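Read off the chains here:
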Amino acid sequence: MKTPKRLFLATALMASLIGGKATAQATASYVPAEENLKARQEFADSKLGIFIHWGIYSMFAQGEWYMTNANIDNKEYAKAASAFYPIRFNAREWVSAIKDAGARYICFTSRHHDGFSMWDTEQSAYNIVDATPFGRDVIKELADECHRQGIKLHFYYSHIDWTREDYPHGRTGRGTGKDPKKADWPSYYAFMNRQLTELLTNYGEVGAIWFDGVWDHDQDTVPFDWQLEEQYALIHRLQPACLVGNNHHQTPVEGEDIQIFERDLPGENKAGLSGQAISRLPLETCQTMNGMWGYKIIDQNYKSPETLIRYLVSTSGKGANLLLNIGPQPNGELPAAALDRLKAIGEWTTRYGETIYGTTAGDIAAQEWGVTTRKGNRLFVHIFDLDAKELFLPLTCKVKKALVYDTKQPLKVKRGNGGTTLFFDEIPSGVDYIVELETK
Ligand code: GLC
């Protein structure tokens, strides 16, 4: 539905922000608003979010990179939209399952690299309302449901577009049939900012905007200017509490409120996308449940519930959040394997959530045996794998009391050798054997 009021609002806001030159306000150094600082703290306390990668790419069932990986002409690809009818999409069921897992927020792909918008945008007809027989604004339905159930909604937003001619392509999307001569950055930048304005104006409170794709231009000979500061300023002007994050695989830049790591815990670089310094901003690691973000029919290689629970706890042990991904099916359902894992995580967070929510990284860095988290004078020792009846903790603080978290049974402790040793009756076992220490 096109309404002149919305259009006017978008135009008025953009007039002050775009046009090539940054305004004085946009270039001034960023001072987060009071409500933004509060939102950062809430975010840091929340520990678990669910990422959702959903778009028309789910119909090809090859993941969200299919268009570029298979060099599909974007006009051929776009025909999938005319058959997109996710009959089983039910925002209430999604949000309930995610909330029951103990997740405190959902990050949803509003528009991925393929350029298809999952909301009723006025900026392009290539969207779920105008281009599909389904015709429903899934972002509206999700936003309403998230607000109703009291869970935060974040929007993933791609800086890359493999379909629009005006996006000046970088190292990806070169085989999708675009004419590079038609690249027009000012036009594309204005388009993105109008879309962001819609997302931040028409769907109530937005917890975060999660950008992705800056790395597309990391091989340019002349550094590419994404004009991020002005874009971030627009977001903060529209919703000061909205957190800005960017999956650029670098240390955060001015205007960002959180730091994102892809497929690795902060400080690790097993997947080859990380290695950047850790900032003082709230941290988030995004990770897949199987191997792909978007629905990939062949990828049934789901991590076990135990692995995922330990990953969540390990992320908390680093003082970070886990943004755990699900790729819904083309019919709108979350895959059964993903639902099973949400359920298992929910059973764990219901019983043990207190040992991660609202905690900071523990006093001891991750060890072979497990990790630690801290809340005030309580230090939680999470044991994943120990082959002994005692455990030496290199703690500088004094331990006043040690309890097995599950049974509240006191444990024998001995101070010495630059730390504290815990003594168990049995070798600790289970997904996460937690010991609670009261420290001084
Ligand atoms: C990468 C991929 C993208 C995915 C994102 C999630 O940037 O390009 O497809 O959405 O990671 O972290």
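A. Here's a closer look at the pattern of salt bridges. What the rule picks out here adds up to 21 salt bridges. Note that Arg 171 and Asp 218 form a salt bridge whose closest N and O atoms lie 2.8 Å from each other. One end of the pair, Arg 171, is in the loop between strand 3 (152–158) and helix 9 (185–201); the other, Asp 218, is in the loop between strand 4 (208–212) and helix 10 (228–238), and 47 residues separate them in sequence. On the accessibility criterion, Asp 218 (47% relative accessible area) is partly exposed. The residue Glu 268 makes a salt bridge to Lys 270 at a minimum N-O spacing of 3.6 Å. For Glu 268, a relative accessible area of 22% translates into the label partly exposed. Judged by relative accessible area, which is 70%, Lys 270 ranks as exposed.

B. The arrangement of unusual backbone geometry in detail. Despite not being glycine, Ala 61 shows a phi value in the positive range, around 55 degrees. Even without being glycine, Lys 408 reaches a positive phi, approximately 60 degrees. Assignment of secondary structure puts Lys 408 in the loop between strand 13 (399–404) and strand 14 (412–416).

C. The arrangement of the domain arrangement of the protein in detail. Splitting the protein by domain gives domain 1 (3–358) and domain 2 (370–439). Relative placement of domain 1 and domain 2: their C-alpha centres are 38 Å apart. Taken together, the 15 residues of domain 1 in the interface contact 15 residues of domain 2. Both sides of the domain 1 and domain 2 interface together cover about 1,300 Å² of buried area, and 56% of this is carbon and sulfur. In terms of surface lost to domain 2, no three residues of domain 1 exceed Arg 310, Glu 354 and Thr 355, which account for 45% of the buried area on that side. On the surface where domain 1 and domain 2 come into contact, there are 2 salt bridges. Residue Asp 406 pairs with Arg 351 through a salt bridge whose shortest N-O separation is 3.2 Å. Along the contact surface separating domain 1 from domain 2 lie 10 residue pairs in polar contact (both at pLDDT 80 or more). Sorting the residues of the side of domain 1 that touches domain 2 by element identifies helix 11 (305–317) and helix 12 (336–352) as the ones contributing at least two each. Sorting elements by how many residues they give to the side of domain 1 that touches domain 2 places helix 11 first, with 7 residues. The class makeup of the residues in the side of domain 1 that touches domain 2 is 6 nonpolar, 5 polar and 4 charged.

D. Spatial organisation of the packing of helix 7 (residues 91–100) against helix 8 (residues 138–149). Axis separation between helix 7 and helix 8 bottoms out at 9 Å; the angle between their running directions is 45 degrees. The orientation of helix 7 relative to helix 8 falls into the category oblique. Helix-helix and strand crossings are classified by hand; for helix 7 and helix 8 the assignment is right-handed. Each of Ala 91, Arg 92, Trp 94, Val 95, Ser 96 and Lys 99 in helix 7 lies in contact with helix 8, whose residues at this interface are Glu 141, Leu 142, Glu 145, Cys 146, Arg 148 and Gln 149. In terms of residue class, the contact of helix 7 with helix 8 is made up of 5 nonpolar, 2 polar and 5 charged.

E. Broad picture of the sheet that holds strand 16 (residues 433–439). The strand order across the open sheet built from 5 strands is 9-10-11-16-13, with neighbouring strands paired in antiparallel fashion. Looking along the sheet, the strands with just one partner apiece sit at the ends: strand 9 (360–361) and strand 13.

F. Geometry of the site of the ligand. Taken together, 14 residues lie near the ligand, and His 53, Glu 64, Trp 65, His 112 and Asp 212 sit nearest. Between the ligand and Asp 212 there is a distance of 2.9 Å, counted from an oxygen atom to a side-chain nitrogen or oxygen. The fraction of the free accessible surface of the ligand (310 Å²) that becomes covered by protein chains is 96%. Looking at the shell around the ligand residue by residue, the classes come out as 7 nonpolar, 4 polar and 3 charged.

G. The arrangement of the pairing of strand 16 in detail. Among the 7 residues of strand 16, 6 are classified as buried, and the element is accordingly described as predominantly covered. The sheet contact formed by strand 11 (residues 378–383) and strand 16 spans 6 bridges and is antiparallel. Bridge pairing in strand 16 places Phe 380 opposite Glu 436. Relative to strand 16, strand 13 is paired through 5 bridges, and the arrangement is antiparallel. Residue pairing for strand 16: Lys 401 is matched across the bridge by Glu 438.

H. Structural detail: the side chain of Glu 198. Counting through the fold element by element, Glu 198 comes out in helix 9. For Glu 198, a relative accessible area of 5% corresponds to the buried category. In this structure the side chain of Glu 198 is engaged in a polar contact, spanning 2.9 Å, whose partner is the backbone nitrogen of Glu 122. A distance of 2.9 Å separates the side chain of Glu 198 from the side chain of Gln 123, its partner in a polar contact. Discounting chain neighbours no more than four positions away, the residues touching Glu 198 are Trp 119, Asp 120, Thr 121, Glu 122, Gln 123 and Tyr 203.

I. Geometry of the side chain of Ser 274. As for its placement among the helices and strands, Ser 274 is situated in the loop between strand 6 (259–262) and strand 7 (283–288). A relative accessible area of 13% means that Ser 274 is categorised as buried. The residues touching Ser 274, leaving out its near neighbours within four places in the chain, are Phe 261, Glu 262, Asp 264, Glu 268 and Asn 269.

Criteria and thresholds
- Residues numbered from 1 in each chain as written.
- Predicted model: local features only at pLDDT ≥ 70, side-chain atom pairs only at ≥ 80, totals over all residues.
- Heavy atoms only, no water.
- Salt bridge = Lys/Arg side-chain N within 4 Å of Asp/Glu carboxyl O.
- Helix = DSSP H or I, 4+ residues; strand = E, 2+ residues; numbered from the N terminus.
- Buried < 20%, exposed > 50% of the residue type's maximum accessible area, 1.4 Å probe, protein only.
- Domains from an automatic or database assignment.
- Contact = heavy atoms within 4.5 Å.
- Buried area = accessible area lost by both parts, 1.4 Å probe.
- Polar contact = N/O pair within 3.5 Å; in protein donor to acceptor, adjacent residues only side chain to side chain.
- Nonpolar A, V, L, I, M, F, W, Y, C, P; charged D, E, K, R; others polar.
- Axes fitted to C-alpha atoms, helices over the stretch in contact; angles between N-to-C directions.
- Parallel < 35°, antiparallel > 145°, perpendicular 65-115°, else oblique.
- Left-handed = near helix turned anticlockwise from the far one by under 90°.
- Pairing = 2+ DSSP bridges.
- Near = heavy atom within 4 Å.
- Areas by Shrake-Rupley, 256 points an atom, 1.4 Å probe, with all protein chains shown as cover.

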